[in-house]
Amino acid sequence: MAELKLSRATLSHIPKSVHTPAYSSSTHQPGVVHLGLGAFHRAHQAMVFDQLLRDGDMRWGIHGVGMTQPTLVNKLRAQDGLYAVRIAGAGGLEWQVPGALWQTSVATTERQNVLNAIAANNTRWITLTVTEKGYTPALAQLLIEGLRLRHATGESGLTIASCDNLQGNGHKLKAIIHATASSQDVGLMKWMDAHCAFPCSMVDRIVPAATVEVASAAKVALGLQDECALSTETFWEWVIEDNFVDPGDAALLTKCGVRVTGDVHSYEEAKLRMLNGSHSAMALMGAISGRAYIADCIGADHIREFVARLMTREVAPHLSRTDWADYRDALVQRFGNPYLKHSVHQIATDSSQKIPQRWPPSVQGQIAKGTSFELHALSAAIFLRYTLALDEQGHAYKLNDPEAESLMALGAHQVTEPEASIKALLARQDLWGAELSQNTEWAHRVAYWHHQLIYQGLDATVKFAITLET
Ligand code: CS2
């Protein structure tokens, strides 16, 4: 007998221990257009919206937009937008099937559907997780066209919430829209400024890309085939600026556990530099030392100690979030979650777009205070070493990065001509910023650590770094 697939029709086959959506989507239109239908959104915001729907507020169904690839959208369509999420933490494991994804489109091939969804009467929000590299004029153009259609049909404004790992993400999004709009859009921009809200937000939940292992676990838990199953942790956080077109949304989100505040900045800053900063350092360490997952990295005593010190000594002194010590301890625990097979190469993807938010602000803070930045200098050296595209066992790996070609060209001769190679990589303002790319002391320390890495290897170098009283 052919395997039954997860869909609205087969929901009743799922064991009672799995939470499934009891509400039906058929008589309602989506209220949210989400751009960037990756794993993160499906195991984070989509589950918050699912909670609101389960509470009977039918305005939070999602029209999910895949930005480029039709593959995932097609799989989700075949399952009526349903997928299982395995949630694992210290308290054990549970499975849930969120039901908030009601419609889907692919931006590249079904552009008009996306524009129509943005203009639709029921739409109240747009949310975005398009990754750091997604903030381009092409994204802005899509939003401008959608808003133009909406404005022309006389609909009300929208809350447009960027949820990407960028400091001041709402401001950045609004700024690229303004920068991309043409002279014919002056009226539209005035309407947008007056009637749309761009709250900044910090989102947090570790959601690795889907794996075959999770798909097979889902088959056992659900008794159904699910090609879109995901795995995540119990922890989740969403901090969003209290800046909504409909002020009533603040109380609704708060009831679901979202933190609505005037001060998103301190949460964004701590998350980007502590969680994401450590993530990038570990991912690059794993890539060059042949460790496959973040849990393998944090499971090595010296790497765990390195990460704890990086956060305590070089990141925390510049944070405005005062509970950073609890946040740090929780992060070390979260990184070690054995159920999250979080691939180091997934996190190392697009490092050139991630590093600027994650490391330089802490280094600059240390420079301003005259304190040590050795652990960040070692992290930077690890990134340079990573551009060799070859791990310490001699296995080649691929750099998945819009800057891959230029980085690999600059890094290629780092063993035979380290001085020139390091100089060229550290001169890149796009990575390190205007000030750091000119700082000779920084360059000197990165070169020192790079030399250690090449001649002692990653493990010996990290072990040595944590003995230093910096
Ligand atoms: C990770 C993030 O891939 C990455 O760059 O650092 O996706 C991280 O898992 C999330 O931001 C956690 O909230």
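Residues numbered from 1 in each chain as written. Predicted model: local features only at pLDDT ≥ 70, side-chain atom pairs only at ≥ 80, totals over all residues. Heavy atoms only, no water.

1. What to know about the nonpolar core
Here comes step 1: By size, the foremost hydrophobic cluster in this structure holds 63 residues, and its most contacted members are Phe306, Phe335, Phe383, Tyr386, Trp432 and Trp442.
Here comes step 2: No other element matches the 10 residues that helix α10 (residues 265-289) contributes to this core.
Here comes step 3: With residues up to four places along the chain from it excluded, the contact list for Phe335 reads Ile206, Leu275, Ser278, His279, Met282, Ile294, Ala295, Ile298 and Val307.
Here comes step 4: Listed in part, the 37 residues of the second largest apolar core include Leu37, Ile62, Leu230 and Ile240. (Core = buried A, V, L, I, M, F, W, Y, C linked by side-chain atoms within 4.5 Å. Buried < 20%, exposed > 50% of the residue type's maximum accessible area, 1.4 Å probe, protein only. Helix = DSSP H or I, 4+ residues; strand = E, 2+ residues; numbered from the N terminus. Contact = heavy atoms within 4.5 Å.)

2. Focus: the site of the ligand
Here comes step 1: The immediate surroundings of the ligand are formed by Asn165, Val203, Asp204, Arg205, Lys271, Asn276, His279, His342, Ile347, Lys354 and Arg358.
Here comes step 2: Between Asn276 and the ligand, the recorded distance is 3.0 Å, taken from a side-chain N or O atom to an oxygen atom.
Here comes step 3: A distance of 2.8 Å separates an oxygen atom of the ligand from a polar atom in the side chain of Lys354.
Here comes step 4: Here the ligand, which alone exposes 350 Å², has 89% of that area covered by the protein.
Here comes step 5: A per-element tally of the shell around the ligand places α10 first, with three residues.
Here comes step 6: Residue composition of the shell around the ligand, grouped by class: two nonpolar, four polar and five charged.
Here comes step 7: Each of two domains, domain 1 (8-261) and domain 2 (265-468), supplies a minimum of three residues to the shell around the ligand. (Near = heavy atom within 4 Å. Polar contact = N/O pair within 3.5 Å; in protein donor to acceptor, adjacent residues only side chain to side chain. Areas by Shrake-Rupley, 256 points an atom, 1.4 Å probe, with all protein chains shown as cover. Nonpolar A, V, L, I, M, F, W, Y, C, P; charged D, E, K, R; others polar. Domains from an automatic or database assignment.)

3. Quick notes on the sheet that holds strand β3 (residues 85-89)
Strand pairs in the sheet, formed through backbone hydrogen bonds, run parallel or antiparallel to each other.
Here comes step 1: Ordered by their spatial adjacency, three strands build an open sheet running β4-β3-β9, and the pairing between neighbours is mixed. In this open sheet, the two strands that pair with only one neighbour each are β4 (92-96) and β9 (230-233). Direction aside, the axes of adjacent strands within the sheet are offset by 25 degrees on average.
Here comes step 2: With five bridges joining them, β3 and β4 adopt antiparallel strand pairing. (Pairing = 2+ DSSP bridges. Axes fitted to C-alpha atoms, helices over the stretch in contact; angles between N-to-C directions.)

4. Things to note about the pairing of strand β10 (residues 237-241)
Here comes step 1: Counting buried positions along β10 yields four of five residues, so the element is predominantly enclosed.
Here comes step 2: Where strand β8 (residues 201-204) meets β10, four bridges bridge the pair, whose relative direction is antiparallel. Directly across from Val203, in β10, lies its bridge partner Trp238.
Here comes step 3: Two elements, β10 and strand β11 (residues 259-261), share three bridges in a ladder whose sense is parallel.

5. Concerning the packing of α10 against helix α15 (residues 351-358)
Here comes step 1: Put simply, α10 and α15 touch, their axes get as near as 9 Å, and they point 140 degrees apart. Regarding the angle of α10 to α15, the classification is oblique. Here the hand of the crossing between α10 and α15 comes out left-handed. Residues Leu272, Arg273, Asn276, Gly277, His279, Ser280 and Leu284 of α10 form the contact with α15, whose own contacting residues are Ser351, Lys354, Gln357 and Arg358. (Parallel < 35°, antiparallel > 145°, perpendicular 65-115°, else oblique. Left-handed = near helix turned anticlockwise from the far one by under 90°.)

6. Some words on the pattern of salt bridges
Here comes step 1: For the structure shown, the criterion picks out 27 salt bridges.
Here comes step 2: Between Glu227 and Lys75 there is a salt bridge whose closest N-O contact spans 4.0 Å. On the criterion of sequence distance, the pair formed by Glu227 in the loop between α8 (212-222) and β9 and Lys75 in helix α3 (residues 70-78) is long-range, its members being 152 residues apart.
Here comes step 3: The exposure class assigned to Glu227 is partly exposed, which follows from its relative accessible area of 38%.
Here comes step 4: Lys75 sits in the partly exposed class, given a relative accessible area of 33%.
Here comes step 5: Several salt bridges converge on common partners, so that one network encompasses Asp57, Arg59, Arg124, Asp246 and Asp249. (Salt bridge = Lys/Arg side-chain N within 4 Å of Asp/Glu carboxyl O.)

7. Structural notes on the pairing of β9
Here comes step 1: On β9, burial covers both faces: Leu230 and Thr232 on one face and Ser231 and Glu233 on the other are all buried.
Here comes step 2: Note: β3 against β9, four bridges, orientation parallel. Within β9, the residue paired with Val85 across the bridge is Leu230.

8. Description of the sheet that holds β10
Here comes step 1: Read from one edge to the other, the open sheet built from three strands follows the order β8-β10-β11, with strand pairing classed as mixed. On the outer flanks of this sheet lie β8 and β11, each paired with one strand and no other. With strand direction ignored, the average angle separating the axes of adjacent strands in the sheet is 15 degrees.

9. Considerations on the domain arrangement of the chain
Here comes step 1: For the chain, the domain assignment lists domain 1 (8-261) and domain 2 (265-468).
Here comes step 2: Every contact between the two is made by 30 residues of domain 1 and, on the other side, 26 residues of domain 2.
Here comes step 3: A combined buried area of about 2200 Å² lies between domain 1 and domain 2, and 55% of that area is made up of carbon and sulfur atoms.
Here comes step 4: Here Lys133 and Asp350 are joined by a salt bridge, their closest N and O atoms 2.6 Å apart. (Buried area = accessible area lost by both parts, 1.4 Å probe.)

10. Points about the side chain of Arg273
Here comes step 1: Within the secondary structure, Arg273 is located in helix α10.
Here comes step 2: For Arg273, the residues in contact, after removing those within four places along its chain, are Gln167, Ser278, Val315, His318, Leu319, Gln357, Arg358, Pro361 and Ser362.

11. Some remarks on the packing of aromatic side chains
Here comes step 1: Under the defined criterion, the tally for this structure stands at 12 aromatic pairs.
Here comes step 2: Ring geometry for Phe373 versus Trp442: centroids 5.7 Å apart, planes at 65 degrees, classification edge-to-face. With a gap of 69 residues between them, Phe373 in the loop between α16 (360-369) and α17 (374-386) and Trp442 in helix α21 (residues 440-456) connect regions that are remote in the sequence. Each member of the pair, Phe373 together with Trp442, is buried.
Here comes step 3: Note on Trp449 and Phe464: the rings are 5.9 Å apart at their centroids and 50 degrees apart in plane angle, and the pair reads as tilted. (Phe/Tyr/Trp six-rings, centres within 6.5 Å; stacked < 30°, edge-to-face > 60°.)

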